[in-house]
Amino acid sequence: MVVTPQLLKTFPLLSGLPDATLEEVAGQSSVRKAARRAIVLNAGQNEEQICFLFEGRLQGVDFTIDGREVGLYFVEPGEFCGELCLFDGGSQPEFIMALTPSVIVSVPLNAMQALLKKHPELFATISAKVAGHVRKMTFQRSLLGLPNIAQRVCCQLWMLVPEKDRNKEEAEIRNPPTHMEIAIMLNISRETVTRVFQSLQNRQIVKRDGTSLLVVSKVGVLRDYAEGKQEL
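Residues numbered from 1 in each chain as written. Predicted model: local features only at pLDDT ≥ 70, side-chain atom pairs only at ≥ 80, totals over all residues. Heavy atoms only, no water.

Engineer: Please set out the sheet that holds strand β11 (residues 213–216) residue by residue, giving values where relevant.
Structural biologist: If you walk across this open sheet you meet the three strands as β9-β11-β10, and the pairing is antiparallel. What marks the edges here is a single partner per strand, and that holds for β9 (171–174) and β10 (206–208). If you compare each strand with its neighbour and ignore which way they point, the axes differ by 25° on average. Where β10 meets β11, three bridges bridge the pair, whose relative direction is antiparallel. Bridging from a neighbouring strand, Lys207 pairs with Val215 of β11. (Pairing = 2+ DSSP bridges. Helix = DSSP H or I, 4+ residues; strand = E, 2+ residues; numbered from the N terminus. Axes fitted to C-alpha atoms, helices over the stretch in contact; angles between N-to-C directions.)

Engineer: Summarise the pairing of β11; cite the residues concerned and give the values.
Structural biologist: Along any regular strand the residues' side chains alternate between the sheet's two faces. Of the two faces of β11, the one lined by Leu213 and Val215 and the one lined by Leu214 and Val216 are each fully buried. Of the pairings in the sheet, the one linking β9 to β11 comprises four bridges and is antiparallel in character. Bridge pairing in β11 places Arg174 opposite Leu213. Joining the antiparallel neighbours β10 and β11 is a turn of four residues, in which Gly210 adopts a positive phi near 75°. (Buried < 20%, exposed > 50% of the residue type's maximum accessible area, 1.4 Å probe, protein only.)

Engineer: Please set out the pairing of strand β4 (residues 58–63) residue by residue, giving values where relevant.
Structural biologist: Strand direction decides the pairing type here: β4 and strand β5 (residues 69–75), joined by six bridges, are antiparallel. Counted as the bridge partner of Asp62 is Val70 from β5. Inspection of the sheet shows β4 paired to strand β7 (residues 95–98) by four bridges, in the antiparallel sense. Its bridge partner being in β7, Leu58 is matched across the sheet by Ala98.

Engineer: Please provide a residue-by-residue account of the side chain of Gln151, values included.
Structural biologist: On the secondary structure map, Gln151 appears in helix α6 (residues 149–160). Aside from chain neighbours lying at most four places away, what touches Gln151 is Leu146, Tyr225, Ala226, Glu227 and Gly228. (Contact = heavy atoms within 4.5 Å.)

Engineer: Lay out the nonpolar core in plain terms, naming residues and giving numbers.
Structural biologist: The biggest cluster of nonpolar side chains holds 26 residues, and the ones touching the most others in it are Leu157, Val161, Phe197, Leu200, Val206, Val216 and Leu222. Where this core is concerned, the elements lending two or more residues are α6, β9, α7 (179–186), α8 (190–202), β11 and α9 (219–227). In terms of residue count, α6 provides more of this core than any other element does, six residues in total. Beyond its immediate stretch of four places on either side in the chain, Val206 contacts Phe197, Leu200, Gln201, Leu214, Val215, Val216 and Ser217. Membership of the second largest hydrophobic core comes to 25 residues, among which are Val107, Met112, Ile126 and Val130. (Core = buried A, V, L, I, M, F, W, Y, C linked by side-chain atoms within 4.5 Å.)

Engineer: Lay out the environment of Asn42 in plain terms, naming residues and giving numbers.
Structural biologist: With respect to the helices and strands, Asn42 occurs in the loop between β2 (39–41) and β3 (49–55). Spatially, the C-alpha atom of Asn42 lies 26 Å from that of Gln156, the residues being 114 residues apart in sequence. Non-local contacts of Asn42, meaning those with residues more than four positions away in its chain, are made with Glu47, Gln92, Glu94 and Phe95.

Engineer: So, the side chain of Gln92: which residues are in play, and what are the values?
Structural biologist: When you line up the elements, Gln92 lands in the loop between α3 (85–88) and β7. For Gln92, a relative accessible area of 7% puts it in the buried group. A distance of 2.9 Å separates the side chain of Gln92 from the backbone oxygen of Glu94, its partner in a polar contact. Leave out the neighbours within four places in its chain, and Gln92 touches Leu41, Asn42, Ala43, Gly44, Gln45, Glu47 and Gly82. (Polar contact = N/O pair within 3.5 Å; in protein donor to acceptor, adjacent residues only side chain to side chain.)

Engineer: Outline the sheet that holds strand β8 (residues 102–108), listing residues and values.
Structural biologist: Pairing is antiparallel across the open sheet formed by four strands, whose spatial order is β1-β8-β3-β6. Two strands bound the open sheet, and with one partner strand each, they are β1 (30–34) and β6 (80–81).

This is the structure:
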């Protein structure tokens, strides 16, 4: 696959740029494939690139002092990662790993920095994303301190409920993480996550609709579990 202006337009961040600008960026960019569990960006290295996900799913991960993997966030098709270096030129803070076979478009750091100077609206979008990541990771770390493991899992699920649906009776979580991915994010075992899910399903709070959809049938009850108002 060759990087073209049409390909770059599939990414929301770049879709509004002029064709001539996209043509220039496309000439400096490259496409690569990543196998499942492959490292896309390495923590502690100056990667000098911004990665746009065309296909697949990525996850930001870190490791505890004793070597246990902790999931931080997901990167979905159309989104980008590695943007922190745009602000300080520093190294990549966490690993970015492919959860599924993925196709990534890599744009050189200097090309992205030039775009930000010419198009300040991009800077605003990227800044908002960085701020959102900081908020999510701060909350994610606070989850690890919850002594009630069931509440920890319910909080993680509550974070996945779309904000627009949080006051409804029912909501849908599309492409939900697997039990293993949730376990990594919460630093608990997969078996523990499965037990909590079984309890939620038995109480008809959540139900699976295939592998790509999780239906939250009782949004308010899930919120109460997440906030510790009820115990599972």
